[in-house]
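Single-letter residue listing:
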Amino acid sequence: MQIELETQPYSSIHADALITYIFDKQEKFEGALGDIDSAMHGRLLSLAAGGELTGKMLELVLLHFPEGLTAQRLLLVGAGKPEKFSPGDLRKIAGTALRYLKPRGVKKIIFLARETERGPGAAQAVVEGLVTADFESDKYRTEKKNREIQSAWLVGFDSGLGADLQAAIDHGRVIAESQNFARDLIIEPSNRLTPRVLAAKAEAMANEVGLGVEILDERKIAELKMGALLGVAQGSVEPPRVIVLRYEPQHLRPGAPVLGLVGKAVTFDTGGISIKPANNMEKMKYDMGGGGTMLGVMRALAFLKPSVSVIAVIPSTENMPGGRAQKPGDVQIAMSGKTIEVINTDAEGRLILADGVSYARKLGCTHLIDAATLTGAIEVALANVHVGAFGTPREYLDRFLESTRAVGEKMWPMPMDEEYQEMIKSDIADIRNTGSGKGGGASTGAWFIKEFAEDTPWIHLDIASTCWVDEGRPWLAKGPTGVAIRSIVDFALKM
Ligand code: BES
Ligand code: ZN
Ligand code: ZN
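A brief look at the structure comes next. (Residues numbered from 1 in each chain as written. Chains lettered and ligands numbered in written order. Predicted model: local features only at pLDDT ≥ 70, side-chain atom pairs only at ≥ 80, totals over all residues. Heavy atoms only, no water.)

1. Looking at the overall build of the chain
Next up, step 1: For the chain, the count of helices and strands is 15 helices and 20 strands.
Next up, step 2: Reported as C-alpha extents along the three principal axes, the dimensions of the chain are approximately 80 × 50 × 45 Å.
Next up, step 3: Within the chain, the fraction of its 495 residues that count as buried is 58%.
Next up, step 4: Put simply, the chain shows about 20,400 Å² of open surface, and 49% of that area lies on carbon and sulfur atoms. (Helix = DSSP H or I, 4+ residues; strand = E, 2+ residues; numbered from the N terminus. Buried < 20%, exposed > 50% of the residue type's maximum accessible area, 1.4 Å probe, protein only. Areas by Shrake-Rupley, 256 points an atom, 1.4 Å probe, with all protein chains shown as cover.)

This is the structure in structure tokens:
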């Protein structure tokens, strides 16, 4: 999809559809919408009076051959109450419009800004909404649907800020395309995305965008004594990999912070010997979602060039119940030297993150963020609404939460009290990989990872219930969401 800033008047552009939005219960239309209404001899007002055009959030009203416009269609999207309106809503409006028009054979669209939202932030939100809504995977369908939005013109934005607007559009595009890059990986079935394939794809991306890359194979992993990762990997015939990507700014200050991004990439989680039930097991192809997220973040950072060094460490393996698989009760020695009693082989994410986090610190990371589809418990706590955000010290987490609010991603701070640490003490080793006692599964999982982050400022994002949605939303297809990428990118840019 080509996206262009256009200064021509909207009324003269030959497009298949012109999209704009209207607020709740407007008695009269102002600005461009007023002009459109007059050209249509007051049709919009009469639709509003008749109750067909209410402006309720994401209500869609499609009019064909609108008078006075060169566009073939006019699509009005409801924007809700003006006092509640945010750039996040603009993202949803643009995305909803695209997903509505695409199956109708529309190829060329105009997005008309409203007078209240004409700046760079609005343009960026519209671009992000359009590009993420355009994600679709019919890669494995033999009959393609063959529908494509070819071009989108952004009209009515404040051209006095021309340069800023173009930068905002480019920025939005990079972020949204990086989300789609991650979503493409996350949707991939596990027979086509083994740890080796994921590593090869990460390497290709890194070379394309100019990131440093190193792939650790099973020999190197053994040399580094990553016993926790190897314990999980030993149940599979597919060898594990650790993907290391590096971004370095042009001007490196000595003593400057280094941000470490650690992502769980279990390309398939059967549960291992503590095997999962068959129902929904196919979903466990997305258990590499944390790793996919970090690859998306690194891709975006390669273009957006923050002034901080960033290293991504992505441990990747299958979790299989093969003949050599680890068994409940086994003790593994992690790279840090800590010993782990494996109570449940299905709590494998924290095992591979343990070594991932240790390795990131060994590489010199001074600040850490991990992302993982870690626990079913986070869904119990937060449904698919919020990402569970854990972290220490609290000020570090709070700083991150500011970024989540700035980009409109819902994340909720979760408790890290010491009582949860008590619950992962083992009878025979340093720690156990599941909490004893009842409940608190997301917090005991987080504490397990913190045992390896130690005093390094660290954030853990449990994306198990948010990185994939079973039901599509008007602005987003069902399947992988690309959640957390926008927040982490924003945080790195502000660091
Ligand atoms: N990959 C799962 C968590 C998960 C569940 C992700 C549902 C996405 C959707 C993880 O490895 C796991 O199995 N966790 C266990 C931990 C338990 C054994 C302590 C869980 O949450 O049940
Ligand atoms: Zn598991
Ligand atoms: Zn898992």
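Okay, back to it.
2. Examining the sheet that holds strand 2 (residues 17-22)
Next up, step 1: On the basis of which strands lie adjacent, the open sheet formed by six strands has the order 1-6-5-2-4-3 and mixed pairing. Each end of this open sheet is capped by a strand with a single partner; those strands are strand 1 (2-6) and strand 3 (60-64). With strand direction ignored, the average angle separating the axes of adjacent strands in the sheet is 20 degrees.
Next up, step 2: Sheet analysis places strand 2 next to strand 5 (residues 108-112), joined by three bridges and oriented parallel. Paired with Ile-19 across the strands is Phe-111, a residue of strand 5.
Next up, step 3: Running at roughly 120 degrees to strand 2, helix 1 (residues 31-39) makes contact with strand 2, strand 4 (73-78) and strand 5 of the sheet.
Next up, step 4: Sitting on the sheet, helix 3 (residues 87-101) touches strand 2, strand 3, strand 4 and strand 5, and the angle it makes with strand 4 is about 140 degrees. (Pairing = 2+ DSSP bridges. Axes fitted to C-alpha atoms, helices over the stretch in contact; angles between N-to-C directions. Contact = heavy atoms within 4.5 Å.)

3. As for the coordination of the zinc ion (ligand 2)
Next up, step 1: For the zinc ion (ligand 2), every protein donor is listed as Asp-269 (OD), Asp-346 (O), Asp-346 (OD) and Glu-348 (OE), and the spread of their distances is 2.0 to 2.2 Å.
Next up, step 2: Taken together, the six donor atoms surrounding the zinc ion (ligand 2) define angles of 71 to 167 degrees at the centre, an arrangement classified as irregular.
Next up, step 3: Along the chain, the residues donating to the zinc ion (ligand 2) fall in the pattern D-x76-D-x1-E.
Next up, step 4: Between the zinc ion (ligand 2) and the zinc ion (ligand 3) the interatomic distance amounts to 3.2 Å, and Asp-269 serves as a bridging ligand to the pair. (Donors = N, O, S within 2.8 Å, 3.2 Å for Na, K, Ca; no water. Tetrahedral: all angles 85-135°; square planar, octahedral: opposite > 155°, others 65-115°.)

4. Considering the packing of helix 3 against helix 4 (residues 120-133)
Next up, step 1: Look at helix 3 against helix 4: their axes get within 7 Å of each other, and the N-to-C directions meet at 40 degrees. One way to sum up the angle between helix 3 and helix 4 is to call them oblique. Note on packing geometry: the crossing formed by helix 3 with helix 4 is right-handed. Of helix 4, the residues touching helix 3 (which contributes Pro-87, Leu-90, Arg-91, Ala-94, Gly-95, Leu-98 and Arg-99) are Ala-122, Ala-125, Val-126, Glu-128, Gly-129, Leu-130 and Ala-133. (Parallel < 35°, antiparallel > 145°, perpendicular 65-115°, else oblique. Left-handed = near helix turned anticlockwise from the far one by under 90°.)

5. A closer look at the site of ligand 1
Next up, step 1: Neighbouring residues of ligand 1: 16 residues in total, closest Lys-276, Asp-287, Asp-346, Glu-348 and Gly-376.
Next up, step 2: Between ligand 1 and Lys-276, the relevant distance is 2.9 Å, taken from an oxygen atom to a side-chain nitrogen or oxygen of the residue.
Next up, step 3: Glu-348 places a side-chain nitrogen or oxygen 2.8 Å from an oxygen atom of ligand 1.
Next up, step 4: Starting from 520 Å² of accessible surface for ligand 1 in isolation, the protein chains cover 78%. (Near = heavy atom within 4 Å. Polar contact = N/O pair within 3.5 Å; in protein donor to acceptor, adjacent residues only side chain to side chain.)

6. So, the coordination of the zinc ion (ligand 3)
Next up, step 1: Distances from the zinc ion (ligand 3) to its protein donors, namely Lys-264 (NZ), Asp-269 (OD), Asp-287 (OD) and Glu-348 (OE), fall within the range 2.0 to 2.4 Å.
Next up, step 2: Note that the zinc ion (ligand 3) binds six donor atoms; their angles at the metal cover 77 to 173 degrees, and the shape is octahedral.
Next up, step 3: In primary-sequence terms, the residues that donate to the zinc ion (ligand 3) follow K-x4-D-x17-D-x60-E.

7. Section: the packing of aromatic side chains
Next up, step 1: Tallied over the full model, the rule gives eight aromatic pairs.
Next up, step 2: Ring geometry for Tyr-21 and Phe-111: centres 6.3 Å apart, planes at 35 degrees, overall tilted. One end of the pair, Tyr-21, is in strand 2; the other, Phe-111, is in strand 5, with 90 residues separating them in the sequence. Summarising the burial analysis for this pair, Tyr-21 and Phe-111 share the class buried. (Phe/Tyr/Trp six-rings, centres within 6.5 Å; stacked < 30°, edge-to-face > 60°.)

8. Thoughts on the side chain of Thr-20
Next up, step 1: If you trace the backbone, Thr-20 turns up in strand 2.
Next up, step 2: By relative accessible area, Thr-20 is classed as buried at 0%.
Next up, step 3: Of note is the side chain of Thr-20, whose polar atom sits 2.9 Å from the backbone oxygen of Leu-112.
Next up, step 4: Ignoring anything within four residues of it in the chain, the contact list for Thr-20 reads Leu-33, Leu-75, Leu-76, Val-77, Leu-112 and Arg-114.

9. Some points on unusual backbone geometry
Next up, step 1: Residue Pro-393 is bonded to the preceding Thr-392 through a cis peptide linkage, with omega at -10 degrees.
Next up, step 2: Mapped onto the elements of the fold, Pro-393 is located in the loop between strand 15 (387-392) and helix 12 (394-407).
Next up, step 3: One non-glycine residue, Phe-65, lies in positive phi territory at about 45 degrees.
Next up, step 4: Counting through the fold element by element, Phe-65 comes out in the loop between strand 3 and strand 4.
Next up, step 5: With a relative accessible area of 60%, Phe-65 lands in the exposed category.
Next up, step 6: Phi at Lys-225 is positive, roughly 60 degrees, even though this residue is not glycine.
Next up, step 7: Assignment of secondary structure puts Lys-225 in the loop between helix 7 (218-223) and helix 8 (227-233).
Next up, step 8: Judged by its relative accessible area of 62%, Lys-225 is exposed.

10. Describing the pattern of salt bridges
Next up, step 1: For the coordinates displayed, the defined rule picks out 23 salt bridges.
Next up, step 2: In this structure, the salt-bridge partner of Arg-147 is Glu-136, at a minimum N-O distance of 2.8 Å. Placement of Arg-147 in the loop between helix 4 and strand 6 (151-155) and of Glu-136 in the loop between helix 4 and strand 6 is noted, with a sequence separation of eleven residues between them.
Next up, step 3: By relative accessible area, Arg-147 is classed as partly exposed at 28%.
Next up, step 4: Here Glu-188 and Lys-139 are joined by a salt bridge, their closest N and O atoms 2.8 Å apart. Residue Glu-188 is located in the loop between helix 5 (162-187) and helix 6 (195-209), and its partner Lys-139 is located in the loop between helix 4 and strand 6; the two are separated by 49 residues in the primary sequence.
Next up, step 5: Three or more residues joined by partner-sharing salt bridges are found here, namely Lys-102, Asp-134, Glu-136, Lys-145 and Arg-147. (Salt bridge = Lys/Arg side-chain N within 4 Å of Asp/Glu carboxyl O.)

11. Some points on the sheet that holds strand 13 (residues 339-342)
Next up, step 1: With mixed pairing, three strands are arranged side by side in an open sheet as 12-13-17. Every other strand in the sheet has two partners, leaving strand 12 (330-333) and strand 17 (431-432) as the edge strands with one partner each.
Next up, step 2: Two elements, strand 13 and strand 17, share two bridges in a ladder whose sense is parallel. Within the sheet, the bridge partner assigned to Ile-340 lies in strand 17 and is Ile-431.

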